[in-house]
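# Structure assessment
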Amino acid sequence: MMLHDVPSIAQLIKSLQQVPYLASKNLYRVAEHFLELDERRLEQFCAVLLHAKDNVVKCSTCFCWQEKERNCSFCFAEKREQQIVCVVESWQELLAVEQTKGYTGVYHVLGGIIYPLEGVGPEDLTIEPLIKRVKDKNISELIFALSLTPEGEATSAYIAKKLDTLPIKITCLARGLPVGSSLNTMDRLTVFKALSERRPF
Ligand SMILES: [Zn+2]
């Protein structure tokens, strides 16, 4: 039997192929998982997905996901130092920093890094809003917490250059971290040390 003999499953596989980060070797397993769920659980799953889609937005200042009906839990937090901004690639890295429970500043989620080979340029990221934020809100320190890869370094350098006339302290993660690593692959203590021992960029 071939997949096209069961067109409904072929169509399901085709939809799953459009989900990034889902390894292609797992597609059949995932499809089977959904097919074997009873209808009520499948409906619940779809409802949760739609509910999340309806109820969250990205903060217009830091670009972190937030509940639509609430103020951003970082940008509106009085106890957080609003003048210190940690620049992260994605929300996952933000959560890795939050897990250390040792960071009291705020964030800026870039939405990726500059990656010419993948067609990702500065205009695809939230770099312009970051520059504007630094200027308008008198940010005193920017901490680059991007991946320790050539692309991560180049992205930090690109942003730093745009800010070189401003009196702002620019720092990055501590030395000695493995090349190629990103915050979400490090354990909590390593993230904590990397941030607390940050150095001038
Ligand atoms: Zn925010």
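Residues numbered from 1 in each chain as written. Predicted model: local features only at pLDDT ≥ 70, side-chain atom pairs only at ≥ 80, totals over all residues.

Within the protein, the secondary structure is distributed over seven helices and seven strands. Start at the N end of the protein and walk to the C end: the helices and strands fall as α-α-α-β-β-β-α-β-α-β-α-β-α-β. Counting the 201 residues in the protein, one finds 23% classified as buried. (Helix = DSSP H or I, 4+ residues; strand = E, 2+ residues; numbered from the N terminus. Buried ≥ 20, exposed ≤ 12 C-beta atoms within 10 Å, placed from the backbone.)

This part takes up the pairing of strand β6 (residues 169-172). In this sheet, β6 lies alongside strand β5 (residues 141-144) in parallel orientation, the contact comprising four bridges. Counted as the bridge partner of L142 is I170 from β6. (Pairing = 2+ DSSP bridges.)

This next bit is on the sheet that holds β6. Ordered in space as β4-β3-β5-β6-β7, the five strands form an open sheet in which the pairing is mixed. At either margin of the open sheet sits one strand with a lone partner, and together these are β4 (105-109) and β7 (199-200). Note that strand β3 (residues 81-88) and β4 share five bridges and pair parallel. Considered in β4, the bridge of C86 is made with Y107. Packed on one face of the sheet, helix α4 (residues 91-99) meets β3 and β4 and runs near 125° to β3. (Contact = placed C-beta atoms within 7 Å. Axes fitted to C-alpha atoms, helices over the stretch in contact; angles between N-to-C directions.)

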